[in-house]
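# Examination of the molecular architecture
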Amino acid sequence: MSLWQLVAVGLVMLLGLVGVLVPGVPGPAIVWAAAAWWALTDTTGLAWGILAGATALLLLNQALRPLLPTRRPRESGAPRRTVYTGGAASIVGFFVVPVLGGIAGFIGGIYGAEWARLGSPRAGWASTRTVMRAIGTAVLVELLACLSVTGAWLGALIWG
């Protein structure tokens, strides 16, 4: 696979990660499609193993969706910018401190955005709890599943 194709696969995965945060965009399906595109052009055993793992993880994520709280963004009272900030911080955190950094980044990004918006650490934390109850848990689980697939793909490129 050429460098430009790898860049394109990475951009499609990034689009899928952003799609997790945007209502109505099938983020996990986009991430899976990018992994499938890569595995179909790089027919090594590692690529197929990552595709199989991605398929299993994203199917498990879809199976768990009904068990998670439904996304109710209006109930949180926070602007979409807050969730986007949490998502961006989660993506950065995931690659700085694998997996745990994604969780800390998401919650920390929401807290920082709400603290800045409301002007008080106490009000920011109360709003963060409300956002996490309304939409955060479902978004975080889906985002971590997609980040895990993206991380495995990047790991395969770097060390494989």
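Above this note sits the structure.
Residues numbered from 1 in each chain as written. Predicted model: local features only at pLDDT ≥ 70, side-chain atom pairs only at ≥ 80, totals over all residues. Heavy atoms only, no water.

### What about the pattern of salt bridges?
Keep this limit in mind: The working definition used for a salt bridge is a side-chain nitrogen of Lys or Arg within 4 Å of a carboxyl oxygen of Asp or Glu. Secondary structure elements are defined from DSSP: runs of H or I of at least 4 residues count as helices, runs of E of at least 2 residues count as strands, and each element is numbered from the N terminus. Relative accessibility under 20% of the residue-type maximum defines a buried residue, over 50% an exposed one, and the middle range a partly exposed one, all with a 1.4 Å probe and only protein chains included.
Per the counting criterion, the structure on display carries two salt bridges. Here Arg 65 and Glu 142 are joined by a salt bridge, their closest N and O atoms 3.4 Å apart. Placement of the pair is Arg 65 in the loop between helix 3 (45-64) and helix 4 (73-76) and Glu 142 in helix 7 (residues 121-159), with a sequence separation of 77 residues. Note that Glu 114 is salt-bridged to Arg 117, the shortest N-O span being 2.7 Å. With Glu 114 and Arg 117 both in helix 6 (residues 100-118), this residue pair falls three residues apart, about one helical turn. In this structure Arg 117 comes out as partly exposed when scored by relative accessible area, which is 35%.

### Quick notes on the packing of aromatic side chains
Formally: Geometry of aromatic contacts follows a simple scheme: Phe, Tyr and Trp rings, the Trp one being its six-membered ring, pair when their centres are within 6.5 Å, and the pair is stacked under 30 degrees between planes, edge-to-face over 60, tilted otherwise.
For the coordinates displayed, the defined rule picks out three aromatic pairs. Ring centres 5.3 Å apart and planes at 85° place the aromatic pair Phe 94 and Phe 95 in the edge-to-face group. Centre to centre, the rings of Tyr 111 and Trp 125 are 5.8 Å apart; their planes meet at 75°, and the pair counts as edge-to-face. Within this pair, whereas Tyr 111 is found in helix 6, its partner Trp 125 is found in helix 7, the two being separated by 14 residues in sequence. Look at Trp 125 and you get partly exposed, because its relative accessible area is 41%. Linked through ring pairs, Tyr 111, Trp 115 and Trp 125 together constitute an aromatic cluster.

### Remarks on the nonpolar core
Stated precisely, the cut-off is as follows: Joining through side-chain atoms within 4.5 Å is the link that ties buried Ala, Val, Leu, Ile, Met, Phe, Trp, Tyr and Cys residues into a set, and such a set is a nonpolar core. Residue contacts are counted whenever heavy atoms from the two residues lie within 4.5 Å of one another.
Counting 36 residues, the largest nonpolar core has Trp 38, Phe 106, Leu 143 and Leu 147 as the members making the most contacts within it. Among the elements of the structure, helix 1 (3-21), helix 2 (27-41), helix 3, helix 5 (80-96), helix 6 and helix 7 are those that each provide at least two residues to this core. It is helix 7 that contributes the most residues to this core, 14 residues altogether. Apart from residues no more than four positions distant in its own chain, Trp 38 is found in contact with Met 1, Leu 6, Val 9, Ala 47, Ile 50, Trp 153, Ala 156 and Leu 157.

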